[in-house]
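# Tertiary structure, described
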Amino acid sequence: METASRLAVAYAINALWQLPLMVLATEIIVRLLGRAPGKTIHRVWLGCLVLALTVPALSLLQMPRLSFTSRPIQGQMAVAPQTAEGKKSLNLSFSGEQFDGPTHTPQSAVDLSGLISAGALLLYLGSVLFALSRLAWGLRKTQTLVHSAEETSLARDSQETWESCVSLFKITRIKLMSSSKLGGPATVSWPIPIVLLPKELHDEQANDMAAVFCHELAHVRRKDFLCNIFIELLGVLIFYHPAFHWIRRRIQETRELACDDMAADAMSGRKLYARSLLRLTEKMLSAAVVPQHDCALGIFEGEVLEKRIMNLLENRSKHSRLRTFISLALGSCLLFGTCILSATLGLKPAHAQSVNQTSNAPTGWFLAGSKPANYRTSVDKTMIQNGQPSAYLKSAVPVTDGFGTLMQQISASDYLGKRVRLRAWVRSQDVEGSAGMWMRVDKDQSMLAFDNMQNRAIKGTQPWKQCEVVLDVPVDATGIFFGILLSGSGEVWMNDVSFEVVGNEVPITSPQAHTLPTHPANLKFTE
């Protein structure tokens, strides 16, 4: 869950500066294309939307794989320093000059970066929920509009025009209905295509009705309704960004230009279609009907009537395919160069630290765990116990579903066949999960013995108390791992740590040692 939160925040932050670059590059491509057909410009803006949705996530793919294992990370050996006598001496003290990092900041201090990250996440999720609610409301109003519509009856001439247009666009399944809630003709697919006419629009001139029918059938032929729903659904990811609304506006405009081109070609005259469009606009504006804001697509969609009329009336020579190809090639190089730059410079979410990134851990110790990036460790010179400073381990985020550990890793060669004890004074504050000392004995990659105080875990706020873990080291063991762990949020301190060989009179603490029965049972299956 926490990894998903970091990904969401990084995606939103990347989009903040990358989307304007996408829009700028696309506007340059459109300028290079000049008077290209509306469907070409529409596809360019659709491509821009696809890149706007995907480019902010490209840098996230470069994240190293996170470790979700429940066992502490086995990384570099924390090599113990040599004493003057040549014997190994473990650094189990947190005093002296072995630590040169900053002093501990009390847990009550505000984690500013965590608060900013949490605030950004809440704002982003709020934007996504708002966009989803808006889309759901639009679909609900569209459903209400369709259910309130009635079968329409046209005059004979208008009916013939309708049938001729349907045949021209080669559409087999479609309905023609009317509604008093519409401010203009519209098209929906619910589930089959439906052309909706306002009550005020009936028995107009043949050319005007043909313009309406051809434009709406062009939407049907292009499957614009479903495409629009898909755009709105994907757009929830970047709905908060003004650049998305710019892109969506351009998609709406160019979609209408593309439908105008198809309708004008079907009517065999761009000027004829433009005049009909103007007359229909005047007719609808004179009607006291407020347009319905839903997901339906209509002839007046896009609110760029002047641009559409100019596009229809201008004397356009046939657009050179060579020019289109060169413009698209140059524009694509610019756009994809922008994508590569954005992906390279994009923010990468904080990920699990490797074991050599110790977060100011004392010399000889290192920070590990399933999510070490969520924890901080260092020496607290203000937390004195037995005359010595303490090491601490605390969560860096309010809530975490992983664990961190301050640990050491040594060879088992000096302890083969012996019983060892890890002992320390431990104090806790606001531990919501659990904490405790732990030790593990391995043979290569296989675990031979393990105890993490799970059956006597430290929780909540506890004063100083002595904790210990005792394990046997088999003769074939290769490594010993030990330290203090913290699962969930909170903070623990560790002081006066000792690691020593003990006699067999000291019982081992591993839970497995107390669960094994001493004699076989129920061998005859009679119980």
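Just so you know, these numbers come straight off a predicted model, no measurement behind them.

Right, let's get into the overall build of the protein. When its secondary structure is counted, the protein shows 11 helices and 14 strands. Classification of the 527 residues of the protein by burial places 49% in the buried group. A fraction of 80% describes how many contacts in the protein between residues 6 or more apart in sequence connect residues 24 or more apart. Summed over its atoms, the accessible surface of the protein is roughly 26800 Å², and 58% of this surface lies on carbon and sulfur atoms.

Overall, the coordinates contain 18 salt bridges when judged by the stated rule. Its salt-bridge partner being Arg440, residue Asp442 comes within 3.0 Å of it at the nearest N-O pair. Residue class for Asp442 comes out buried when judged on its relative accessible area of 0%. Residue class for Arg440 comes out buried when judged on its relative accessible area of 1%.

So, on to the environment of Ala457. Structurally, Ala457 is set in the loop between strand 11 (446-451) and strand 12 (458-472). For the pair Ala457 and Ser434, spaced 23 residues apart in sequence, the C-alpha separation works out to 5.8 Å. Excluding its chain neighbours within four sequence positions, the residues that come into contact with Ala457 are Ser434 and Ala435.

One finds Met22, Trp45, Leu49, Ile238 and Ile247 to be the most contacted residues of the largest nonpolar core, which totals 38 residues. By residue number, the principal contributor to this core is helix 1 (residues 2-33), which donates 13 residues. If you look at the next biggest cluster of nonpolar residues, it comprises 35 residues, including Leu367, Val426, Val431 and Met437.

We now examine the packing of helix 4 (residues 156-168) against helix 5 (residues 206-222). Two elements in contact, helix 4 and helix 5, have axes separated by 9 Å at closest approach and are oriented at 35 degrees. The handedness of the crossing between helix 4 and helix 5 is right-handed. Side by side, helix 4 and helix 5 meet where Ser158, Thr161, Trp162, Cys165 and Val166 of the first sit next to Ala206, Met209, Ala210, Phe213, Cys214 and Leu217 of the second. Looking at the contact of helix 4 with helix 5, its residues break down into nine nonpolar, two polar and no charged.

Let us look at unusual backbone geometry. A positive phi angle, near 60 degrees, is found at Lys170, a position not held by glycine. With respect to the secondary-structure elements, Lys170 resides in the loop between helix 4 and strand 2 (175-179). Of the residues examined, Lys170 reaches a relative accessible area of 69% and is grouped as exposed. In this structure, Lys223 takes a positive phi of about 55 degrees despite not being glycine. Under the relative-accessibility criterion, Lys223 is labelled exposed at 56%.

Here the focus is the pairing of strand 2. For strand 2, the buried fraction is high: four of the five residues fall into the buried class. Note that strand 2 and strand 4 (residues 193-198) share five bridges and pair parallel. Within strand 4, the position partnered with Ser178 by the bridge is Leu197.

This part takes up the packing of aromatic side chains. Under the defined criterion, the tally for this structure stands at seven aromatic pairs. A ring pair is formed by Tyr124 and Tyr240, whose centres lie 5.8 Å apart and whose planes are at 80 degrees; its orientation type is edge-to-face. Of this pair, Tyr124 sits in helix 3 (residues 112-148) while Tyr240 sits in the loop between helix 6 (224-234) and helix 7 (242-267), placing them 116 residues apart in sequence. A relative accessible area of 9% means that Tyr124 is categorised as buried. Residues Trp365 and Phe482 carry aromatic rings whose centres are separated by 6.1 Å and whose planes lie at 85 degrees to one another, so their mutual orientation is edge-to-face. Of this pair, Trp365 sits in the loop between helix 10 (321-345) and strand 6 (366-369) while Phe482 sits in strand 13 (residues 479-487); the two residues are 117 residues apart in sequence, bridging distant segments of the chain.

Attention shifts here to the side chain of Arg419. Its location among the elements puts Arg419 in strand 10 (residues 419-443). For Arg419, a relative accessible area of 12% corresponds to the buried category. Within polar-contact distance, the side chain of Arg419 engages the side chain of Asp472 at 2.6 Å. A polar contact is formed between the side chain of Arg419 and the backbone oxygen of Asn504, at a distance of 3.1 Å. Excluding anything up to four places from it in sequence, Arg419 contacts Val470, Leu471, Asp472, Glu500, Val501, Val502, Gly503, Asn504, Val506, Pro507 and Ile508.

On to the packing of helix 5 against helix 7. What describes two packed helices is the angle between their axes and the distance between those same axes. It is the contact of helix 5 with helix 7, at a shortest axis distance of 8 Å, that shows an interaxial angle of 125 degrees. The pairing of helix 5 with helix 7 is recorded here as oblique in orientation. The interaxial crossing formed by helix 5 with helix 7 has right-handed handedness. Contact residues: Asn207, Ala210, Ala211, Cys214, His215, Ala218, His219, Arg221 and Arg222 in helix 5; Arg255, Glu256, Ala258, Cys259, Asp260, Met262, Ala263, Ala266 and Met267 in helix 7. Looking at the contact of helix 5 with helix 7 residue by residue, the class counts come to 10 nonpolar, three polar and five charged.

Residues with a pLDDT of 70 or more make up 77% of the protein, whose mean pLDDT is 79. Below a pLDDT of 50 lies the segment residues 96-111, which in the model reaches 28 contacts outside its immediate sequence neighbourhood of four places, other chains included. The low-confidence segment residues 350-358, where pLDDT is below 50, has 25 contacts with residues more than four positions distant or belonging to other chains.

Attention now moves to the pairing of strand 13. Across the nine residues that make up strand 13, a large majority, eight, are buried. Taken together, the nine bridges between strand 9 (residues 403-411) and strand 13 define a ladder with antiparallel strand orientation. Along strand 13, the bridge assignment pairs Ile410 with Ile480.

So, how was this worked out
Residues numbered from 1 in each chain as written. Predicted model: local features only at pLDDT ≥ 70, side-chain atom pairs only at ≥ 80, totals over all residues. Heavy atoms only, no water. Helix = DSSP H or I, 4+ residues; strand = E, 2+ residues; numbered from the N terminus. Buried < 20%, exposed > 50% of the residue type's maximum accessible area, 1.4 Å probe, protein only. Contact = heavy atoms within 4.5 Å. Areas by Shrake-Rupley, 256 points an atom, 1.4 Å probe, with all protein chains shown as cover. Salt bridge = Lys/Arg side-chain N within 4 Å of Asp/Glu carboxyl O. Core = buried A, V, L, I, M, F, W, Y, C linked by side-chain atoms within 4.5 Å. Axes fitted to C-alpha atoms, helices over the stretch in contact; angles between N-to-C directions. Left-handed = near helix turned anticlockwise from the far one by under 90°. Nonpolar A, V, L, I, M, F, W, Y, C, P; charged D, E, K, R; others polar. Pairing = 2+ DSSP bridges. Phe/Tyr/Trp six-rings, centres within 6.5 Å; stacked < 30°, edge-to-face > 60°. Polar contact = N/O pair within 3.5 Å; in protein donor to acceptor, adjacent residues only side chain to side chain. Parallel < 35°, antiparallel > 145°, perpendicular 65-115°, else oblique. pLDDT = per-residue confidence, 0-100.

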